[in-house]
Amino acid sequence: MHRSLSVIIRQCLVFLRPLVVLKSSVWRGKCHRVQRSLYETSNLDRGGSNRKKKIEEFSRSSREKLVQSKNKMFSKFTSILQHAVEALAPSLPLQEDFVYHWKAITHYYIETSDDKAPVTDTNIPSHLEQMLDILTQEEGERESGETGPCMEYLLHHKILETLYTLGKADCPPGMKQQVLTFYTKLLAHIRQPLLPHINVHRPVQKLVRLCGEVLAAPTENEEIQFLCIVCAKLKQDPYLVNFFLENKLKRPETKSPERAGEVKEDVLAPDTGQSPAGEQADCPEEPQAAAAAASTSSPTSNNNNNSNYNLVTSLLNLTKSPDGRIVVKACEGLMLLVSLPEPAAAKCLTENTELCELLTDRLVSFYKALPQSMDPLDIETVESVNWGLDVYNLKEDAAVFTGKRALISFLSWLDYCDQLIKEAHKSAAVVMAKAVRERFFVSVMEPQLMQTSEVGILTSTALLNRIIRQVTSEALLQEMVCFLLGEEREPETPATIAQNPLRHRLIEHCDHLSDEISIMTLRLFEQLIQKPNQHILHSLVLRSLEERNYLENKPQEEREPLENGQPHDAVDLEEDPLFGDDLSPESRLSGSDWLSSSPQQSPDHAKSDGKTEVHKIVNSFLCLVPDEAKSSYHVEGTGYDTYLRDAHRQFRDYCGVCQRWDWRGNPKPLEKCNLDIAFFEGHFLKVLFDRMGRILDQPYDVNLQVTAVLSKLSLLPHPHLHEYLLDPYISLAPGCRSLFSVIVRVVGDLMLRIHRIPDFTPKLLLVRKRLLGLEPEGINIDHMTLLEGVIVLEEFCKELAAIAFVKYHAAASSSP
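As the structure is a prediction and not an experimental result, all values here were calculated from the model.

Draft legend 1. Main features of the packing of helix α27 (residues 683–693) against helix α30 (residues 739–754). Taken N-terminus to C-terminus, the directions of α27 and α30 make an angle of 20°; their axes are 9 Å apart at the nearest point. Relative to α30, α27 is oriented roughly parallel. α27 and α30 meet at a crossing whose hand is right-handed. Facing α27, whose interface residues are F689, M692 and G693, α30 presents L739, V742, I743 and V746.

Quick look at the structure:
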């Protein structure tokens, strides 16, 4: 009885339609009568030509409104009856209900003659929604992984193929949007794996190609939602990506009509947008529906025939959308794809798509949009940028500083490139990083860094410093380091320092005539040596210290005597008035006792009480500056102990970074070192030592930056670097200098100058208080540069003492 009732109600839809049509004809008759009456009335009016025109326009608009009202009324009426059927009639078996909704869609294309009405004026969206609900309900009622009859029907009758054709034809208008939504919800709601089925992944792949064809298309939102759900499915099951990698095949006999006449030996398998012959849907109505829809659409050329990875191509197209939300979603989809562990996908990604070109071209365009001159402080202090999260406020950005919006856009895209390379498959990451190096760093950044304009050098160096700070991906960092420093690993010589022009120019800029350029370049290197890349430190300092040929290797009796009987260029601590007798050479501490996790006896140094030795070395640095040149003990909270905590934290951080590297735990044995090679500290240390030697004559900010870089190098847990920078008691080879010997000569120069400056100590204390903000700025003080240099020198010596103390105790605590 209930079934009969449902059949009767459904049949009502068929009988009611003529009534509605009859009703509409009555309305049309009334409309014609009104029009005729008004027309006759208008003839009675004198000079009624204008009125006649107005009446005709009014009658036409009235007729159109009546027709629209009739259509809406009929659509609502049939929808209400449809819901009534579903509510009153007993539920049919799911498969029958599913087939009913699908038949209703196909019958529409067979029966309708109006292909201009939008899809929203039909029942197609409702039927598609009902089909999705039925599939979801069916899966919920069955055991996991079991395919129900409705899903079997969808797969067997190739419903997705037919829907793809209808969506491609966009008939009725808006159908592409409905098809995209159906595909998206189907993949999102159905838990069982659908993509392995050929009747799913084949139409999905075809639909992927339709996405991103037109910029700012009305279906962009649905397109990106569909592409992202496909990417998410591939992320869950990476092997499925092989279904979306098209192999190049020799199939000239299956060329599409659109490419007829083309002769290619190596082409992609063509896609005409329809199923191949013999693979049409089994339902008799479906080929007719697809043919009816296809007949209403004009042929469209396939723009992706030269690409093997159309999913990437479609996402790349959508990254050019004017809608920022679409761009972010497309970038997220690319992020998912590059991270897939499939080697074939990684190779295809970099060889058969324009991903590398997109990354680099957009990076270059954003960089070139930056102002030619920018304040380095603005570049350094602009807030941290995360791609996809920057908020646009052009008025506020312009008010802060000119170019802020352009800078944020550049840094945001740089962050995306960095994160993309960081997440990518290793082989793809290397290719993308090399592309950024060649197409951005070499082509764009290098000319900017090599220019002669001081303003241009300053701006480009500040931007490079910000780039270094922001890059975190291993592959991109490696390419950037090789771009800046070269790939050479052999020890430097004075003749080879200019072998790499960019490296040579950057190091020379640390000692530039412009203090601003010197400070910015020193900051760049300070940032660089803190990056987790072994080649940076090897290139800048370690390759020159590998053979330890800074040490004197001749017996005492064979050393070249000078007038005072001391070895050439050696530091005589016993005769130095700044030191006491307790710092005798017999109590020297071997470099091997400092850093190794398990200190061993060194053949050339007898190990004594470690605590006493570290105490003497700490005092060596603390006593370097004479008492009359010290001012920190007059100000509370500026003692040596204030550096201990920072040194401990920084050394621990450095150890965490360097523990993955193949650094030796002990210094290279002297018998294995080639001590006969002339020692050269390397271009970088040479410039730093030269600047350190002029600390009394340089601006305060320059001195702060020079000592900051040297302290960072001193913190590194490498035994040779520790020995060379922090051991005051090594016997230097002739013509060699160490950090300690450089400071000793600065102190000697200071001792000569102190006696020439009246009231030296009170002036020094006043300058320190001004630097600390404890005293207001007042009258100018003579010899201000010298006094500031003395303060920096004292603080630097305390910092070196703290570093030596922390490194010794870290080694002692790790030893058994």
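Draft legend 2. Quick peek at the nonpolar core. Within the largest apolar cluster, 214 residues are counted, with the highest numbers of intra-cluster contacts made by L163, F226, Y309 and F440. Looking at this core element by element, the count peaks at 15 residues for helix α32 (residues 784–814). F226 has contacts with L180, Y183, T184, L187, V204, L207, V208 and C211, leaving out every residue within four places of it along the chain.

Draft legend 3. Seen up close, unusual backbone geometry. Omega for the peptide link from C171 to P172 comes to -5°, which places this bond in the cis form. Inspection of the secondary structure puts P172 in the loop between α6 (159–169) and α7 (175–189). Here the phi dihedral of K158 falls at roughly 50°; this positive angle occurs in a residue that is not glycine. As for its position among the elements, K158 is in the loop between α5 (149–156) and α6. Overall, the relative accessible area of 14% leaves K158 in the buried class. With phi around 55°, D759 is a residue other than glycine that occupies positive phi space. You can see D759 is positioned in the loop between α30 and α31 (760–771).

Draft legend 4. How the structure looks around helix α22 (residues 515–528). Here α22 is 14 residues long and its end C-alpha atoms lie 20 Å apart, about the 20 Å a rise of 1.5 Å per residue gives. The element α22 is extensively covered by neighbouring structure, given that 10 of its 14 residues are classed as buried. Regarding α22, the residues found buried are I517, S518, I519, M520, T521, L522, L524, F525, E526 and L528.

Draft legend 5. Representation of helix α3 (residues 94–111) within the structure. With 18 residues, α3 should cover 26 Å at 1.5 Å per step; its first-to-last C-alpha distance of 26 Å lies within 8% of that length. Along α3, the positions that sit buried rather than exposed are F98, V99, H101, W102, I105, T106, Y108 and Y109.

Draft legend 6. The arrangement of the packing of aromatic side chains in detail. By the definition in use, this model includes 17 aromatic pairs. Judged by centre distance (5.6 Å) and plane angle (75°), the ring pair of Y550 and F679 falls under edge-to-face. Pair noted here: Y550 is in the loop between α23 (534–545) and α24 (592–595) and F679 is in the loop between α26 (642–658) and α27, with a separation of 129 residues, a long-range link. For the pair Y550 and F679, a shared accessibility class is recorded, and that class is buried. Plain terms: the ring middles of F621 and F740 are 5.5 Å apart, the flat faces sit at 85° to each other, and that makes the pair edge-to-face. Residue F621 is located in helix α25 (residues 610–622), and its partner F740 is located in helix α30; the two are separated by 119 residues in the primary sequence.

Draft legend 7. Highlighting the confidence of the model for the protein. Considering every residue of the protein, the mean pLDDT works out to 79; 72% of them sit at 70 or more. Confidence drops under a pLDDT of 50 for residues 1–11, and excluding neighbours within four residues, the segment shows 13 contacts in the predicted structure. Overall, residues 561–612 carries pLDDT values under 50, and its contacts beyond four positions in sequence, including any with other chains, amount to 100 contacts.

Draft legend 8. Fine view of the environment of L316. Counting through the fold element by element, L316 comes out in helix α11 (residues 310–318). Relative accessible area serves as the criterion here: at 6%, L316 is assigned to the buried category. It is 9.9 Å that separates the C-alpha atoms of L316 and L359, two residues lying 43 residues apart in sequence. Beyond its immediate sequence surroundings of up to four residues, L316 is in contact with L334, E354, L355 and L358.

Draft legend 9. Quick look at a negative patch on the surface. Side chains of D375, E454, D515, E516 and D701 sit close together on the surface and give a patch of like negative charge. Judged by relative accessible area, which is 44%, E454 ranks as partly exposed.

Draft legend 10. The arrangement of the environment of A428 in detail. Tracing the sequence through the fold places A428 in helix α18 (residues 426–449). Taking relative accessible area as the criterion, A428 reaches 0% and is therefore assigned buried. Taking the C-alpha atoms as reference, A428 lies 9.7 Å from C356; in sequence the two are 72 residues apart. Apart from residues lying up to four places away in sequence, A428 is in contact with A346, L349 and T350.

Draft legend 11. Quick look at the pattern of salt bridges. As enumerated under the stated definition, the model contains 31 salt bridges in all. In this structure, R325 engages D323 in a salt bridge whose closest nitrogen and oxygen atoms are separated by 3.3 Å. By relative accessible area, which is 65% here, R325 ends up exposed. Between E479 and R437 there is a salt bridge; the shortest N-O distance is 3.1 Å. Of this pair, E479 sits in helix α20 (residues 474–485) while R437 is found in helix α18, placing the two residues 42 residues apart along the sequence. Neither residue differs from the other here; E479 and R437 are each classed as buried. Each of K434, R437, E479 and E487 takes part in one network of salt bridges that share partners.

The rules behind each value
- Residues numbered from 1 in each chain as written.
- Predicted model: local features only at pLDDT ≥ 70, side-chain atom pairs only at ≥ 80, totals over all residues.
- Heavy atoms only, no water.
- Axes fitted to C-alpha atoms, helices over the stretch in contact; angles between N-to-C directions.
- Helix = DSSP H or I, 4+ residues; strand = E, 2+ residues; numbered from the N terminus.
- Parallel < 35°, antiparallel > 145°, perpendicular 65-115°, else oblique.
- Left-handed = near helix turned anticlockwise from the far one by under 90°.
- Contact = heavy atoms within 4.5 Å.
- Core = buried A, V, L, I, M, F, W, Y, C linked by side-chain atoms within 4.5 Å.
- Buried < 20%, exposed > 50% of the residue type's maximum accessible area, 1.4 Å probe, protein only.
- Expected span 1.5 Å × (residues − 1).
- Phe/Tyr/Trp six-rings, centres within 6.5 Å; stacked < 30°, edge-to-face > 60°.
- pLDDT = per-residue confidence, 0-100.
- Patch = residues over 30% accessible without salt bridge, like charges linked within 9 Å, V, L, I, M, F, W, Y side chains within 5 Å.
- Areas by Shrake-Rupley, 256 points an atom, 1.4 Å probe, with all protein chains shown as cover.
- Salt bridge = Lys/Arg side-chain N within 4 Å of Asp/Glu carboxyl O.
- Lys, Arg positive; Asp, Glu negative; His and termini not counted.
- Charge placed at Lys NZ, Arg CZ, Asp CG, Glu CD.

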